[in-house]
Structures are given as structure tokens and as C-alpha cells.
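Residues per chain, in single letters:
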Amino acid sequence: MDCPDTCSLEVAVTANAVERIRDSRSHAATNGFICSKVARFGERLDHPRRLLRPMRRAGPKGSGRFAPISWPDALAEISSRFQRIVDAWGGEAILPYHYGGSNGFLTDGLLDRLFFARLGASRLALTICAAPTGAVATGMYGKMPGVAFDDYVHSECVVIWGANPKASNIHLVPFLREAKQRGAFVAVVDPRQNFSASEVDLHLPVLPGTDLPVALSMIRLFHEEGYLDRAFLDRWCDGLEPLLAAAAAWPVERAAAVSGVPAQDIRRLAGVYAERSPAVIRCGWGVERNRNGGQAVAAILAMPALVGKFAVRAGGYTLSNTGALRFDPTDVLDVPAQPTRIINMTELGAVLHDDVAPIKGLFVYNCNPAATVPDQNAVLRGLAREDLFSVVFDQVMTDTAVYADLLLPATTFLEHWDLRRGYGNYVVGAVRPVIAPRGEAKSNVEVFAALGRAMGWSDDAFHWDDQTAFQRVAQSLQLDVDALREGQIISLFREQSPVQFGTIFPGTSDGKVHLTPSELGPKPYVYNPVDAKQFPLALISPATSKMISSTLGEFNFDELFAELHPGDARRLGIGDGDRVRVYNDLGEVICRARVGRGVRAGVVYIPKGAWRHSSENGQTSTALCPATLNVVGGGACFNDARVAVERVGRTS
């Protein structure tokens, strides 16, 4: 579910039907419970939108009218149409569009990568999530593994910055509560109030996009008040002076004015963090989703180095822990060099309207761009092009699938093999099928192998099945294949969880921490505000207890809402339950209003991942989000959206 917890599950099955999905005790961090999202996943198996056989479009694009065809006919049509596109326009006129956050090593970036490389297709820059954070973590620390979640109980100060564990990392929450019970100071930096006053000691409700000024003002305080660990900085770091110079421009009062949080709260957070040890920062991906996001992540991740929080258990930071187990598909596949163009997935709407270097073939899998990509209306117009041959390979009829020329039915994780690495918890385990595939659904390995054969390519990998692919990948990672097949969870740190600068160290080429990495671009740590004169409210669209991505949107989120702060609602004459129009120059969303104190003043909250049926006018939060790019990693800037809200009626 694109969640850092990577739970182990027990599935009760009767007569090829899933009766129950629950936690498995084989993974200690799962800790006796799972989220409702996964517990309800069985509802997808037989949902009316489930795709059970290949289908060809039988009506206008977007009409959702399809007629069944056979797998051989579908594969033949894809291979012949792709070959015609290659002959007429070149391979770069074909775009594979995917995002594998919920997938393992077998189902994203393996045979699919080989297939599109052989085709000479355009390559996709995966920027919807984690591109800026990934670039910063690599440039600063070489993706050094972070503090393990279960070690948080030993910390004296925990800072949750730009993350909501209650929605997307629920097994961290018990550790936070235990840490607080033991006396830890727990602080949260987030535009929404996701924790109660009894759960945290301090909440900084920053305006979206202003994390950078807050972080820089804290760094200025560290410098002015003598908290810098000069011995550590001299031994392990470079790039200190540009960071301190940028911080000098941000006295606390200025940062407070820009971010909308009290200056005394910034001072309090800086002081407690500097003085307590161990101290850990949980940096989330919410920080990166604006034009200043990459710079902000770098400033936040610099803090443990600046004030000497490393080299002790529960001290340092946690971001993504994928660096603990790295897999290179070329270890098991002979992937040809791909000097083809790279297309940023965030710019799909514009790319599909490019007449100079047009996309003529689109293959969508492992994602639902009609619901998740910025500038939704431009994306929908592009998907509706009659001259675009599009294939959607998915488990259910998504908002994107209704625009396809050909639909291919995919298996769920309950129906195929995969190998899954945690990016939060330090575990790796097998995904093992517990039921036979519904209808004619096939796994990613099966489909891309079959497509390779249909193209006439002779690669050995195009004759693999799931089991073969599983064994090859597991062996390349030097994992116990038999143990994985038996359902055992393998811990990546069996003796002791990692201690940053104690048992693990930076993976940068020189072993140092680069406090001002080149990935920040020519103007590191420069704050670039968003113009909000015409549309005064900042829009955020974080994950919820219902959805982390758009997965399960076919049944798990029926009615969209826009949440406003009571003060904003009063000013706009909006009451709880009113029909409202949330709009800007890109689009509009008509839905119900919720009025509550969960979101700070000046911010509108519309949940992430909702499908078009959930709003009154078929548009969702992404219709309001610009397709602008972060200078760091080219990441999507969802939280740069600025909107206005008006009442259009009252619901019954």
C-alpha cells in the first residue's frame, strides 16, 4: 500500500475466497494490528469494477464502453500497434507510465524495464513522490539508513516533520506514545493537527511551503546560541558556510511572520531539540511537495549533523530506508543502454499535447494518473486524444482505464508472487499468492514476458514465470529463497538496529555529509514564495486513513470534502455541510464543506487519491494543482496550489 510499515499479513481463505486479512505475528513491527485499508483489500477482488479479461474499446474515449477480446489478440494488437509507432515515429513516441510505490522488485522495474528498453521507448522520471527527498538524501548522506522505528522509544526528543503516521505509518504511533510516556518531548510540524494535545508537546502549524524559513531560523538559532558541534562538523561535513549564510537571513521573527507560527514556538522547538539527546527527526514526504521542498528537506536533514545528534541509539533522522537493501535489475537482466529521452511524469498533461515530439503510444500500469497527476484537466484531455493508442494494465476500471484503447487485467498482491522490501521497517519478505487469479488476470511478470515474446525478442527473461523471477532476484540479493517462500520475514539488521555514525555511515563517494549538496541547484536554501494574491488559500491533499494513494478509490472514498478552518469558513459565509466550489485558473472542485480545527487558517484540505466519482463535478484535488517542478529532483509541487472557495448551496 505504499506504506513504510510493510506489514506481514495472514489471510484466511475458503474455496478461493478471502474471508479475512489480518496481521501476522511473524513481523514484530506489525505489532498486533493493521490498517483498515489493507483489512478491506479483499473487497477489490470481486468488486464490480474488477477487470477480469482483456477488452478493446467499443465507444468514444472516456465512455467506459469495452468489448472482451482474447489474450492472444490483445498481445498481437499491442505488439503490432507499437511496432507501427516505432516505424513511423521512433520508439520515443511510446511512453511507459507507471509508479511502483505499492509494488515490489518483481512487479515494477524488472521485466517491464527490459521490455521498454528493447522497444527504445521514452523513459519516465518518477517524480510524483520522493524525488526531491531522494535527491537530497542521496546528495547529503548517500541514502544512509535511518533510525529504526522501534528505537524511537529511546529518544528524548522526537520531531515529526511533514508526516502523518496516523494515516500512512500507523505502526510508528505506538512507539511515539511510549516515547512520550518515558518523558520524550514530541513535536509535530504540519499544517494539519493530526495529534491531540495529550499526544504531543508542541505543534507548529506551518503554512504550506514555509518549512524552509522555519528550518533556517532554527539553524540560525543553533549558530547564535553556540549549539553547533564543531568537532563533528570538522570531521564529517562540508558545505557548512553556504547553509549558515542562508540561515543568517532568517531571524525567528521573520520566519514566524512568513510561516504563520508563533516565534516563541520556533524558539522552543530549536532549544529542546538542541539540548536533548538522543533526538530524532522523522522527516516525511509532505515537506517536499512545494517549490521550496527540496531545500527544506536539506535544511531539516542537516540539523542532526549541526548539533551533534548522531552516534547514539535513537539519535539522527529517518526518511526512506531503501538504502539498506539496494537492487539493480541489471544484476539479473541484460538491459540494453537507453539513451532515449526522459519525460517527467508530473508533466503528463503537457507531454500528451506536445506536437513537436508527440507521444503516440501510452502504456499505463501500477498507477492511475487521471486521479493522481497535477493539472488533472490537461491530463484528461490528453488521454481523450483519438490518435493516442493507449493500453491500461490494471486490477480495476480506474479513472484512467476508461480512456484506454485496450485494457489488460492485472493480478492483485493476493494472486501473484513478489519480493517486497520495506522502506521504513528494515525487513524484506515474499508476497505469496493465496488465491488463484480472478478471471483471466495475469501478473506483471507474465504480461511483460508475453509482450516481449509477441515482439519476437529472444531474451531468456521473456520466458520467465513468477517463480523464476522471484528466485533470480532473491538470489541476486543473497537472500534465503526457501525461507522467503515459506513466509519468513528477513530482518536486514538482525543483531542491532542501525546507529547512524555508530554502526552505519554515509554512502557518499567521500564518506562525508554534504550540507549544501549540488542537488539543491544554483541557489541553495533560497526561499521562493508562491503568489497568493488572486487565490488566497493554500490547498493541501495529504493521505488519509482511507487512502495513501488512489488505490481502493473504487469503493473506499465515496464522497469528497473540503475542510476549512472555522475562521476562514465564517469569513466566507460557509457552514459545515454546505456545497462549495474550490477553484483556481486550472479547475474547480464542487463538494461538501467540512469546518473544523484540524486544518490551520489559510489552508484548505481535500483528501489525496479520491476518484472522480467522489466529487459532484468529476474533478478532484489534482485539478487544482499546477504541474510545476521542484528544482530539486524535478518533484511535483502539489502544495503550491492556491485556491479560492465559495458557497454554492447547502446539502440536504
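Everything below is about the structure shown above.
A brief structural summary.

About the criteria used
Residues numbered from 1 in each chain as written. Predicted model: local features only at pLDDT ≥ 70, side-chain atom pairs only at ≥ 80, totals over all residues. Heavy atoms only, no water. Core = buried A, V, L, I, M, F, W, Y, C linked by side-chain atoms within 4.5 Å. Buried < 20%, exposed > 50% of the residue type's maximum accessible area, 1.4 Å probe, protein only. Helix = DSSP H or I, 4+ residues; strand = E, 2+ residues; numbered from the N terminus. Contact = heavy atoms within 4.5 Å. Pairing = 2+ DSSP bridges.

Turning our attention to the nonpolar core. Residues Y141, W161, L216, I219, F222, L306 and L515 are the most contacted members of the largest nonpolar core, which totals 74 residues. In terms of residue count, helix α13 (residues 293-306) provides more of this core than any other element does, 10 residues in total. Each residue touching Y141, except ones within four places of it in the same chain, is listed here: V136, L301, A302, A305, F310, Y317, F501, P506, G507, T508 and V513. The next biggest cluster of nonpolar side chains, apart from the first, holds 59 residues, and it includes I343, V373, I574 and A593.

Taken across its five residues, strand β7 (residues 157-161) has five buried, putting it largely inside the fold. Side chains C157, V159 and W161 of β7 all project onto a buried face; the interleaved residues V158 and I160 project onto the opposite face, where all are buried too. Across five bridges, the pairing between β7 and strand β8 (residues 185-189) is parallel. Bridge pairing links W161 to V189 in β8. Pairing between β7 and strand β11 (residues 279-283): five bridges, direction parallel. Its bridge partner lying in β11, C157 is registered against A279.

Attention now moves to unusual backbone geometry. Residue P278 is reached from S277 by a cis peptide bond, and omega for that bond is 0 degrees. As for its position among the elements, P278 is in the loop between α12 (263-275) and β11. One non-glycine residue with positive phi stands out, namely N16, at about 65 degrees. Secondary-structure assignment places N16 in the loop between β1 (9-14) and β2 (17-23). Looking at N16, the relative accessible area reads 32%, which means it is partly exposed.

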